[in-house]
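Each chain, letter by letter, is given below.
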There are 2 protein chains.
Amino acid sequence: MATTGHTVKAFDQDLDELRATIAEMGGLAEEAIREAMRALVQRDSEGALRVVEADRRIDALETELERAAVQLIALRAPMADDLREVIAALKIASVVERIGDYAKNIAKRVQVIGEAPVIEPLSLLPEMARIAGEMVHSVLDAFAARDAEKALAVCERDRAVDDFYNSIFRTLLTFMMENPHNITPATHLLFVAKNLERIGDHATNAAEMVYFAATGLHVADRPRGAATETVGSDG
Amino acid sequence: MATTGHTVKAFDQDLDELRATIAEMGGLAEEAIREAMRALVQRDSEGALRVVEADRRIDALETELERAAVQLIALRAPMADDLREVIAALKIASVVERIGDYAKNIAKRVQVIGEAPVIEPLSLLPEMARIAGEMVHSVLDAFAARDAEKALAVCERDRAVDDFYNSIFRTLLTFMMENPHNITPATHLLFVAKNLERIGDHATNAAEMVYFAATGLHVADRPRGAATETVGSDG
């Protein structure tokens, strides 16, 4: 969205503060994903607990941002375009908060898994998490820079996350079929994969918002694929 | 929240329109849950497809509500309390939209399941869905009436949904262990159960917002239970 010609510099400053809060939330969400996966791989229940607890900070920042946004609107009475920027900030913050929740879910799962036997697809999951984390990072960069191209690149990256999900899903099913002892741990990993896939989806949603804000256009219905949806997609 | 003493009746009318849109979204979301579960039980792929398509209407209503809210704020420049009501409406609409997505996910899953063999927990799922659907209905009633007690009752109902989820989760695991042929259909039903559990969570989130709006107090940390979190909870 082009910068509107409002003269009230104070509004821009307030908006910058909202953006800074979102950047902080995003950094925490990225770290949560990274730490949850590290805890999963290393069977670190205490590390997982720290991720669960750290999520409160993300929630608190969202509440803070919401209060600031309401105050900004009340004080500055921004016109339509500026108002839309504030609403966009509220929406992006809500997406980041949800991404934090998914990372927290993974951390909770680590605590549930405990000492269950390690099964192979554990090696694919961190790679999937790395891509999902990168998407979160990139979409926040795109938001800060109002960079439509970068936002679009995030949307395209989601395909890779979906491919990982499908591959992990199928692999886990075969593990379950081979040996009933694998069923419980494989089910937990399936939910971890699902949480990562949802992180990718939410980063994509945020990217679509950034794209729309920057261009006024909706990202054309992307080919997200029959392939995805034939195997356990919840997208 | 007590009605503030603003004299501009037009604001109240506009707010009522936002509420009517949310009520419409809620009705569609409830129907989507009901129809997705009917399609699941009756193996009705075409019915499931209709649920997936109908979700667009919910999404469109949310977009419409957002536009109306922005316009309302820009035109009426509401003061703090009224503004908070508008923001609350935006947030509840976003929750209802997500509930619609979960129902859509169930419907997509029906299409994936196709002709796979029926396994027993299918009989528990519709009951779980009924409770989740009731929660959605009640929370929207509570929102319309600003009824804090009713909102609290929704929060408490979530315990039953979580119990259903845990029971279904364990039952499905035993089915998978008994017979590898059950693994694929059981995995799909596990995701259906998970989607219903998430619907309960979101209805609860909305109820907490309604409670806060009505009383200014946060719902005290409810005892959502160690029991829940020891078995595959993603809450």
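Residues numbered from 1 in each chain as written. Chains lettered and ligands numbered in written order. Predicted model: local features only at pLDDT ≥ 70, side-chain atom pairs only at ≥ 80, totals over all residues. Heavy atoms only, no water.

**Quick word on the overall build of chain A**
Scanning chain A from N- to C-terminus turns up seven helices and zero strands. Tracing chain A from N to C terminus, the helices and strands come up as α-α-α-α-α-α-α. Considering chain A as a whole, with its 235 residues, one finds that 54% of them fall into the buried category. In the structure as shown, chain A presents an accessible area of about 10100 Å², 54% of it carried by carbon and sulfur atoms. (Helix = DSSP H or I, 4+ residues; strand = E, 2+ residues; numbered from the N terminus. Buried < 20%, exposed > 50% of the residue type's maximum accessible area, 1.4 Å probe, protein only. Areas by Shrake-Rupley, 256 points an atom, 1.4 Å probe, with all protein chains shown as cover.)

**Some thoughts on the relation of the copies chain B and chain A**
When chain B is fitted to chain A, the residual RMSD is 0.0 Å, and the transformation amounts to a turn of 180° plus an axial shift of 0.0 Å. On the angle and the small slide along the axis, the relation comes out as a two-fold axis. Proximity to the rotation axis, assessed at the C-alpha, singles out A77 of chain B in chain B; its C-alpha lies 3.1 Å from the axis. Looking at the interface residues of chain B, 97% of them are also at the interface in chain A, so both copies use one shared face. (Least-squares fit on C-alpha atoms with pLDDT ≥ 70 in both. Contact = heavy atoms within 4.5 Å.)

**Things to note about the packing of helix α5 (residues 148-178) of chain A against helix α6 (residues 183-215) of chain B**
Across the interface, α5 of chain A lies against α6 of chain B with an axial gap of 10 Å and an inter-helix angle of 130°. Classed by the angle they form, the pair α5 of chain A and α6 of chain B counts as oblique. In the crossing of α5 of chain A with α6 of chain B, the sense of the turn from one axis to the other is right-handed. Of α6 of chain B, the residues touching α5 of chain A (which contributes Y165, F169, L173, M176 and M177 of chain A) are I183, T184, T187, H188 and F191 of chain B. In the contact of α5 of chain A with α6 of chain B, the residues fall into seven nonpolar, three polar and no charged. (Axes fitted to C-alpha atoms, helices over the stretch in contact; angles between N-to-C directions. Parallel < 35°, antiparallel > 145°, perpendicular 65-115°, else oblique. Left-handed = near helix turned anticlockwise from the far one by under 90°. Nonpolar A, V, L, I, M, F, W, Y, C, P; charged D, E, K, R; others polar.)

**Focus on the nonpolar core**
Core analysis: the biggest nonpolar cluster contains 158 residues, and L40, L125 and L196 of chain A together with L40, L125 and L196 of chain B have the highest contact counts within it. The contact partners of L125 of chain A, leaving out residues within four places of it in the chain, are M37, L40, I168, L189, V192, A193 and L196 of chain A. (Core = buried A, V, L, I, M, F, W, Y, C linked by side-chain atoms within 4.5 Å.)

**Brief notes about the packing of aromatic side chains**
Any aromatic ring pair is given by two values, namely how distant the centres are and how the planes are angled relative to each other. Counted according to the given criterion, the structure contains five aromatic pairs over all chains. Each residue in the set Y165, F169 and F191 of chain A together with Y165, F169 and F191 of chain B is aromatic and connected to the rest through ring pairs, giving one cluster. Sitting above the plane of the F191 of chain B ring, K194 of chain A keeps its charged end 5.3 Å from the centroid. (Phe/Tyr/Trp six-rings, centres within 6.5 Å; stacked < 30°, edge-to-face > 60°. Lys NZ or Arg CZ within 6 Å of the ring centre and 35° of its normal.)

**A word on helix α3 (residues 80-113) of chain B**
Residue and element names in this part refer to chain B. A rise of 1.5 Å per residue sets the reference length of α3, with its 34 residues, at 50 Å; its end C-alpha atoms lie 50 Å apart and thus fit the reference within 8%. Across the 34 residues of α3, 28 count as buried, placing the element largely inside the fold. Following α3 by one or two positions, G114 has its phi on the positive side, about 55°. (Expected span 1.5 Å × (residues − 1).)

**As for the interface of chain B and chain A**
Counting residues at the interface gives 36 residues for chain B, matched by 35 residues for chain A. For the pair chain B and chain A, the interface holds two salt bridges. We note a salt bridge from K91 of chain B to E66 of chain A, for which the minimum N-O separation is 2.8 Å. The interface formed by chain B and chain A includes two residue pairs in polar contact (both at pLDDT 80 or more). Looking at the side of chain B that touches chain A residue by residue, the class counts come to 17 nonpolar, nine polar and ten charged. (Salt bridge = Lys/Arg side-chain N within 4 Å of Asp/Glu carboxyl O. Polar contact = N/O pair within 3.5 Å; in protein donor to acceptor, adjacent residues only side chain to side chain.)

**Side note on unusual backbone geometry**
Residue and element names in this part refer to chain A. Not every positive phi belongs to a glycine, and R43 is a case in point at roughly 55°. If you trace the backbone, R43 turns up in the loop between α1 (9-42) and α2 (45-76). With phi around 50°, R146 is a residue other than glycine that occupies positive phi space. Given a relative accessible area of 33%, R146 falls into the partly exposed group.

**So, helix α4 (residues 125-145) of chain A**
All names here are of chain A. With 21 residues, α4 should reach 30 Å at 1.5 Å per residue; the first-to-last C-alpha distance of 30 Å fits that figure. Listed as buried for α4 are L125, M128, A129, I131, A132, G133, M135, V136, V139, L140, A142 and F143. Buried residues belonging to α4 abut α1, α3 (80-113), α5 and α6 (183-215). Downstream of α4 by a residue or two, R146 has a phi angle that is positive, lying close to 50°.

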